[in-house]
Amino acid sequence: MLVDKFDRTVDYLRVSVTERCNFRCQYCMPEKPFSWVPKENLLSFEELFAFIKVAIDEGVKKIRITGGEPLLREDLDVFIKMIHDYKPDVDLAMTTNAFLLKGAAQKLYDAGLRRLNVSVDSLKPDVAEKIAQKDVLTQVLAGIDEALKVGLKVKVNMVPMRGVNDGEILDILEYCKDRGMVVRFIEYMENVHAHSDVKGLDSEELLSIIGSRYAYEDEGFDGHSPSHYYKLGDGYEFGIIEPHKDDFCKKCNRIRLTAEGQLIPCLYFDEAMSIKDAVKRGDIKTAALILKEVVKNKPEKNRWSDPDGEHSKRAFYETGG
């Protein structure tokens, strides 16, 4: 079992298989062009799997595949099957923008994946294009439909932005409600890579908008999830993720592994330790020691709630957000 110095059990590993993405979302990606990490610098699926086995053996029970956009990495379903075959009862999930999902959904399900988180920031083609800087909506919605068809459970994430998509909060809630998908509204997390004009809405504003049409009850937090959940009168639940409050961190049970082998204890901070050399030389004992050291040094909380409004330097496209 992996336990940090704040007595939090860490049993959730998010694995980024690539930093590459086919979107350039305003709240995530740099405004200026930049160079991707060369493919040869990335750990192979076999090397990532070697570390994942260590993590599972140490007590990790949930693994989420992320990116960048994970579906850009070839043979992703083979990698997922490797994990599923090693420990079939591990909770396997993935975060995706769904642009390539329609053609991949059945293979992912057959490999052992059962759950997806999909970003849907607008249901208007022109607004979706403005956010992603690419014409994406038709393929995203088709990907979601296919995922539901093959039996994958889908949650939707939306980042509401002032003057961009803040008029669609109810529309997206109802789109998800009609399809039996949970929607989670995520407060914008300030970071130095985002477009300089992005301004988010806080939870009080979101609840005010939803409350203008629906009565709701506060359901609180569900286990280790960062989502604060609310229930409508008909039983439908939606969530709000509030990084600007300490509740975001108090029960955090996760660490992150980048495609280059950086093991990260907290989304906000730049601090990390590399397992790359140990894994490449097959030194599993050292990889396990690094894992334990990273967990031990996991910070108590992020600094988005600090009065100075500090911005994270973390590149979310490297760590899956």
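Just above, that's the structure.
Per chain, residue numbering runs from 1 following the sequence as it is written. Totals for whole chains, interfaces and linings use every residue, but because this is a predicted model, local features are given only for residues with pLDDT of at least 70 and side-chain atom pairs only at 80 or more, for both listing and counting. Calculated side-chain values reflect all of the structure's heavy atoms, with hydrogen atoms and water omitted.

A. Looking closely at the overall build of the protein. Helical segments are the DSSP runs of H or I of at least four residues, strand segments are the runs of E of at least two, and each set is numbered from the N terminus. Along its length, the protein carries 11 helices and 12 strands. Per-residue burial over the protein gives 54% buried out of 321 residues. Across the protein, contacts joining residues at least 24 apart in sequence account for 74% of those joining residues at least 6 apart. Burial classes: relative accessible area under 20% of the type maximum marks a residue as buried, over 50% as exposed, and values in between as partly exposed (1.4 Å probe, protein chains only). The contact criterion used is simple: two residues touch if any of their non-hydrogen atoms lie within 4.5 Å.

B. Expanded view of the packing of aromatic side chains. For Phe, Tyr and Trp, where Trp contributes only its six-membered ring, two rings pair if their centres lie within 6.5 Å, and the inter-plane angle classes them as stacked under 30 degrees, edge-to-face over 60, or tilted in between. Under the definition given, this model contains 7 aromatic pairs. Consider the rings of Phe45 and Phe79, whose centres lie 4.6 Å apart with planes at 10°: the pair is stacked. Of the two residues, Phe45 sits in helix α1 (residues 45-57) while Phe79 sits in helix α2 (residues 76-86), which places them 34 residues apart along the sequence. The two residues Phe45 and Phe79 agree in class, both being buried.

C. Layout of the environment of Met82. Assignment of secondary structure puts Met82 in helix α2. The class of Met82 is buried, set by a relative accessible area of 19%. Along the primary structure Met82 and Ala111 are separated by 29 residues, whereas in three dimensions their C-alpha atoms are 8.4 Å apart. Among residues more than four places away in sequence, those in contact with Met82 are Phe45, Glu46 and Phe49.

D. Inspection of the nonpolar core at higher detail. Each nonpolar core is a collection of buried residues, namely Ala, Val, Leu, Ile, Met, Phe, Trp, Tyr and Cys, held together in the definition by side-chain atoms within 4.5 Å. Among the nonpolar cores identified, the biggest contains 95 residues, and Phe79 and Phe238 are the most heavily contacted of them. No other element matches the 9 residues that α1 contributes to this core. Apart from the residues lying within four places of it in its own chain, the contact partners of Phe238 are Leu173, Val183, Phe185, Leu207, Ile210, Tyr216, His228, Tyr229, Tyr230 and Leu232.

E. Quick look at the sheet that holds strand β9 (residues 237-241). What the 12 strands build is an open sheet, ordered β7-β8-β9-β6-β5-β4-β3-β2-β1-β10-β11-β12; its pairing is mixed. Strands at the two margins of the open sheet, each flanked by one partner only, are β7 (216-221) and β12 (273-274). Strand direction decides the pairing type here: strand β11 (residues 262-264) and β12, joined by 2 bridges, are antiparallel. By the bridge assignment for β12, Leu263 is matched with Met273. For helices, the fitted line uses only the C-alpha atoms of the stretch in contact; every axis is such a line through C-alpha atoms, and the angle between N-to-C directions lies from 0 to 180 degrees. Against the sheet, α1 engages β1 (12-16), β2 (62-66), β10 (254-257) and β11, with an angle of about 175° to β1. Contacts from helix α6 (residues 169-178) reach β5 (153-158), β6 (182-186), β8 (227-232) and β9, with the element oriented near 155° to β6. Here a strand pair is declared whenever DSSP counts at least two bridges between the two strands.

F. Fine view of the packing of α1 against helix α10 (residues 284-296). Close contact between α1 and α10 brings their axes to 10 Å; oriented N to C, the two are set at 60°. As the angle between them shows, α1 and α10 are arranged oblique. α10 is crossed by α1, and the crossing has right-handed handedness. Of the residues in α10, those touching α1 at Ala50, Phe51, Val54 and Ala55 are Ile284, Ala287, Ala288 and Leu291. Here the term charged refers only to Asp, Glu, Lys and Arg, the term nonpolar to Ala, Val, Leu, Ile, Met, Phe, Trp, Tyr, Cys and Pro, and the term polar to all other amino acids, Gly among them. Its residues assigned to classes, the contact of α1 with α10 shows 8 nonpolar, no polar and no charged. Each angle receives one of four descriptions, namely roughly parallel if under 35 degrees, roughly antiparallel if over 145, roughly perpendicular if within 65 to 115, and oblique otherwise. In a left-handed crossing the near helix is turned counterclockwise from the far helix by less than a right angle, and in a right-handed crossing that turn is clockwise.

G. Region of interest: the layout of surface pockets. Both site types are read off a 1 Å grid over the protein atoms alone. A 1.4 Å probe that fits but cannot get out defines a cavity, while an open set with protein on both sides within 12 Å along at least five of seven lines defines a pocket; lining residues have an atom within 4 Å of a point. Grid points are joined across faces, edges and corners, and a volume is the space filled by probe spheres set on the points. Put simply, the second largest pocket is a space of about 230 Å³. In terms of lining, the second largest pocket is formed by Val17, Thr18, Arg20, Lys39, Leu42, Leu43, Leu72, Arg73 and Glu74. Looking at the lining of the second largest pocket residue by residue, the classes come out as 4 nonpolar, 1 polar and 4 charged.

H. Structural context of the side chain of Lys298. As for its position among the elements, Lys298 is in the loop between α10 and α11 (316-319). For the purpose of charge, His is not counted, nor are the chain termini; Lys and Arg are scored as positive and Asp and Glu as negative. A carboxyl oxygen of Asp or Glu within 4 Å of a side-chain nitrogen of Lys or Arg is what we treat as a salt bridge. Although Lys298 is buried, it makes no salt bridge; Asp4 carries the closest opposite charge, 5.7 Å away. Setting aside chain neighbours within four positions, we find Lys298 in contact with Asp4, Lys5, Phe6, Arg8, Val10, Cys252, Arg254 and Pro265.

I. Spatial organisation of the packing of α6 against helix α7 (residues 203-211). At a minimum axis distance of 9 Å, the contact between α6 and α7 shows a crossing angle of 70°. In terms of their interaxial angle, α6 and α7 are classed as roughly perpendicular. For the pair α6 and α7, the sense of crossing is right-handed. For the pair formed by α6 and α7, the contact residues are Ile169, Leu170 and Leu173 on the first element and Leu206, Ile209 and Ile210 on the second. Each residue belonging to the contact of α6 with α7 can be placed in one class, and the counts come to 6 nonpolar, no polar and no charged.

J. Summary view of the pattern of salt bridges. Taken as a whole, this structure holds 10 salt bridges when the rule is applied. Taking the shortest distance from any N to any O, the salt bridge between Glu47 and Lys280 comes out at 3.0 Å. Here Glu47, found in helix α1, pairs with Lys280, found in helix α9 (residues 276-280); they are 233 residues apart in sequence, far enough to count as distant. By relative accessible area, Glu47 is classed as buried at 17%. Overall, the relative accessible area of 44% leaves Lys280 in the partly exposed class. When the shortest N-O distance is used, the salt bridge between Arg115 and Asp91 registers 2.9 Å. With Arg115 in strand β4 (residues 115-119) and Asp91 in strand β3 (residues 91-96), the pair connects residues that are 24 residues apart, well separated along the chain.

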